[in-house]
Amino acid sequence: MKYSIKLALSMVVLSLIFACSKSDDTDYFALDENLEVSIPANFPEMHYDISKNPPTKNGFELGKKLFYDGKLSSNGFISCGFCHEQRFAFTHHGHQFSHGIDDLEGTRNAPAVQNMAFQSQFSWDGGTSHLDLFPIIPITNEVEMGETISNVLTKLQADSEYQRLFASAFEDGSVNNENFFKALSQFMVMMISSNSKYDKYVRNETGGEFSELEKEGLGVFETKCASCHKTDLFTDSAFRNNGLPPYPGINDLGRAAVSGSTADHYKFKVPSLRNVAVTAPYMHDGRFGSLASVLNFYNSGVQDSETLDPILKQNGRLGIALSATEQEALIAFLNTLTDSEYLNDKRFAEY
Amino acid sequence: MTTLKRFQYLILAAGLVLTSCSSDDDATQNLTGENNLRIEFDNSVNGDDLLLNSSTYTNSNGEVLTINRFNYIVSNFVLIDTEGNEYTYPKDDSYFVISEEAGLSEITLTNIPAGDYVAVRFGLGVDQEKYLQGAAGQGDFLQLAEETNMMWSWLAGYKFLNFEGTFTSPTVTEATSFQIHMGSHGSSLDNYKELTLELPTNALVSSTLSPIVHLAVDANQILDGNTKIVLSEKAVVMIDEVKSPQIATNAATMFRVDHVHNGENLEH
């Protein structure tokens, strides 16, 4: 209810803007308009409050330009898009650990950037619970972009193109951190992947015909995987230890690094499995090169520890029993999660 | 304090006495308009001046500290008057960094409605409500925090307290660095604390009266408060499920009102 009032209000504001600018010099910048954010029928509720930052055409375009701009880094070359490539569902293809400034390597694999507006925790350990503020983490990380927010803003403020774009996207028009973060969020909020074969299958749309093997795979997934890889986002946004033996020499504690709690040792955010066929390598440390290896791991590689998720030690067995036929079916199913519309969507493309 | 100021107090006090005879709820009625109220944060260590990279301070844990950095965030100011009415300073403007190294030691609350204030309440740190406003809520405070070493960048959040230096103890004889960074732990642990301080003298605000509340802030409380935080056990405390909340609770006891200056255009 509240929301529709706000929408109505923003329509009024928009029409006022339109009304005024008609008489003004019209070619100064393209008029802004609200973008429609439609929530896919098979998705849970959106977590991001778009009434606080409704995506607009100009805000989105500004966010996209920022996402692909090396100015956000200290050497001018490392953009968000450098580690998040569209063809690979915005992951860092071919890199187990993402590298950034001066080729310094991090210790984690870049997760897919998609459907962020539906998630409540960001990064493998949930360092932040607000999408708007997330970019602080890569920008200031000395092995990623190695910059400060203040410096980024100084650079943008000195750039006449950005001055114009900020002015066209936001009411107060200033190049400040609020509008900077809002624009990046508007871009990411629009990045919705919801048109895989699987989506069409559950929505009974054409192009969603499943083979017997795919149906069987879905069945296995629902009984053995969906308790963590929940809903059509394929994550429950919870932090869990799925039994990976700690990576030698890194010993990433995961969620415990944020909470300080030993009960959170080796827990990581359950990742979405959308587009999983194109996001290899897998896990927070990118240790597995193929989905077959992931399934072998669940079947026979799960390591017990105090924080291992109880779901993975039931009936006196570690891990998840998966027969060869089940594994084959699961892989066929996981392949239906590839959304080539998303991977090729011009709206999100760098060029 | 100069004699002139004492004289001003006398006049003020006399004024109050006179007005209180004339009606029941009185003093405040004569205070009209609005003005600034300043709060001075005078950092010290157990009664001594806090000097960075200079003096050494010995605490009851038997540890000898040199302090290189002492910064903290104060926020969400509320003024409480004689009747118990609360004036909440506008939230968006109610976040400040106090930093010994940056020379940030005083805050000015502007447009405070006239009143006879008996207490002040404020927060140490940044509350979750503010954080979860996302881009819209942080304003320029985010950059101030970054520039004063109070951004907790790997959590995209804030350090509420940044207390650093070196120490020695009977067991740690070489000067060893210590770092106490305290803030909320993502969504899992909220370390924001609020505290209320009674004013020993009421702070009077009106169109002609603009008081200064002088706080004495005792950094010794951080490690040597109710719960003893022993650096020899752990010299770098940033994210610790047990110690971080203890440090937050200790730090909330650092503040004491030393005195209140009432009057016009005060210098102190």
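Keep in mind that this is a model prediction, so the values were computed, not measured. (Residues numbered from 1 in each chain as written. Chains lettered and ligands numbered in written order. Predicted model: local features only at pLDDT ≥ 70, side-chain atom pairs only at ≥ 80, totals over all residues. Heavy atoms only, no water.)

Caption draft 1: View of the overall build of chain A. For chain A, the helix and strand inventory stands at 13 helices and four strands. Relative to the globule expectation of 20 Å for 351 residues, the C-alpha radius of gyration of chain A, 22 Å, shows essentially globular dimensions. For the C-alpha atoms alone, the extent of chain A along its principal axes is close to 75 × 45 × 35 Å. When the 351 residues of chain A are sorted by exposure, 52% land in the buried category. In chain A, the proportion of contacts linking residues at least 24 apart, taken out of those at least 6 apart, comes to 67%. Entry remark: accessible area of chain A is about 15,700 Å², with carbon and sulfur atoms responsible for 55%. (Helix = DSSP H or I, 4+ residues; strand = E, 2+ residues; numbered from the N terminus. Rg over C-alpha atoms; globule rule 2.2 N^0.38 Å. Buried < 20%, exposed > 50% of the residue type's maximum accessible area, 1.4 Å probe, protein only. Contact = heavy atoms within 4.5 Å. Areas by Shrake-Rupley, 256 points an atom, 1.4 Å probe, with all protein chains shown as cover.)

Caption draft 2: Seen up close, the packing of aromatic side chains. All names here are of chain A. The final tally for this structure, using the stated rule, is 34 aromatic pairs over all chains. Judged by centre distance (5.8 Å) and plane angle (65°), the rings of F90 and Y342 are edge-to-face. You can see F90 sitting in the loop between helix 3 (80–83) and helix 4 (136–140) and its partner Y342 sitting in helix 13 (residues 340–343), a full 252 residues away along the chain. Just as F90 is buried, Y342 falls in that class too. The interplanar angle of 40° and the centroid separation of 6.5 Å between the aromatic rings of F166 and F170 together place this pair among those described as tilted. Judged by its relative accessible area of 0%, F166 falls in the buried class. (Phe/Tyr/Trp six-rings, centres within 6.5 Å; stacked < 30°, edge-to-face > 60°.)

Caption draft 3: Region of the structure containing the interface of chain A and chain B. Each side of the interface is counted separately: chain A has 26 residues, and chain B has 25 residues. Surface buried jointly by chain A and chain B totals about 2,100 Å² across both partners, of which 55% is contributed by carbon and sulfur atoms. If you look at where chain A meets chain B, you find zero salt bridges. Applying the counting rule to chain A against chain B returns 13 residue pairs in polar contact (both at pLDDT 80 or more). Per-class residue counts for the side of chain A that touches chain B are nine nonpolar, 13 polar and four charged. (Buried area = accessible area lost by both parts, 1.4 Å probe. Salt bridge = Lys/Arg side-chain N within 4 Å of Asp/Glu carboxyl O. Polar contact = N/O pair within 3.5 Å; in protein donor to acceptor, adjacent residues only side chain to side chain. Nonpolar A, V, L, I, M, F, W, Y, C, P; charged D, E, K, R; others polar.)

Caption draft 4: Just the domain arrangement of chain A, in detail. All names here are of chain A. Along its sequence, chain A is carved into domain 1 (40–193) and domain 2 (197–341). Here the C-alpha centre of domain 2 lies 26 Å away from the C-alpha centre of domain 1. Each side of the interface is counted separately: domain 1 has 30 residues, and domain 2 has 31 residues. Overall, the association of domain 1 and domain 2 removes approximately 2,500 Å² of surface from exposure, summing both partners, and the carbon and sulfur fraction of that is 53%. At the boundary of domain 1 with domain 2, the tally comes to one salt bridge. Classifying every residue of the side of domain 1 that touches domain 2 by side-chain character gives eleven nonpolar, 16 polar and three charged. (Domains from an automatic or database assignment.)

Caption draft 5: Region of interest: the nonpolar core. Counting residues in hydrophobic clusters, the biggest one holds 119 residues, and the most contacted among them are F180 of chain A together with F41, F70, Y72, F77, F163 and F255 of chain B. Those residues in contact with F180 of chain A that lie beyond four places of it in its chain are L66, L72, I139, V152, L153, L156 and F166 of chain A. Ranked by size, the runner-up nonpolar core spans 27 residues in total, among them V276, Y282, V294 and L295 of chain A. (Core = buried A, V, L, I, M, F, W, Y, C linked by side-chain atoms within 4.5 Å.)

Caption draft 6: Broad picture of the confidence of the model for chain B. Residue and element names in this part refer to chain B. Of the residues in chain B, 88% have a pLDDT of 70 or more, and the chain-wide mean is 90. In this model residues 1–28 is a low-confidence stretch, pLDDT under 50, and it forms 23 contacts with partners more than four residues away in sequence or in other chains. In the predicted assembly, ipTM is 0.85 and pTM is 0.89. (pLDDT = per-residue confidence, 0-100.)

Caption draft 7: Highlighting the pattern of salt bridges. One pass over the full model with this rule turns up 29 salt bridges over all chains. Among the salt bridges present, the one from D49 of chain A reaches K52 of chain A, with a minimum N-O distance of 3.2 Å. Assessed through its relative accessible area of 52%, K52 of chain A is described here as exposed. The shortest N-O distance in the salt bridge between E194 of chain B and R121 of chain B comes to 3.9 Å. Placement of the pair is E194 of chain B in strand 13 (residues 193–205) and R121 of chain B in strand 8 (residues 115–124), with a sequence separation of 73 residues. Through salt bridges with shared partners, one network takes in R108, D125 and D252 of chain A.

Caption draft 8: Structural detail: the UniProt feature "domain: Cytochrome c" (unreviewed entry) in chain A. The feature "domain: Cytochrome c" (unreviewed entry), as annotated in UniProt, sits at residues 212–338 of chain A in this numbering. Measuring from the first to the last C-alpha atom of residues 212–338 of chain A gives 18 Å, for a span that is 31% helix and 6% strand. (UniProt positions renumbered as here; feature names shortened; annotations may be inferred.)

Caption draft 9: Geometry of the pairing of strand 12 (residues 176–182) of chain B. Residues and elements named next belong to chain B. Where strand 11 (residues 161–168) and strand 12 come together, seven bridges link them in antiparallel fashion. Of the residues in strand 12, the one forming a bridge with L161 is M182. Note that strand 12 and strand 15 (residues 236–237) share two bridges and pair parallel. Pairing of Q179 across the sheet is with V236, part of strand 15. (Pairing = 2+ DSSP bridges.)

Caption draft 10: Representation of the environment of G186 of chain B. As for its placement among the helices and strands, G186 of chain B is situated in the loop between strand 12 and strand 13. Along the primary structure G186 of chain B and A156 of chain B are separated by 30 residues, whereas in three dimensions their C-alpha atoms are 8.7 Å apart. Apart from the residues lying within four places of it in its own chain, the contact partners of G186 of chain B are G127 and V258 of chain A together with Q128 of chain B.

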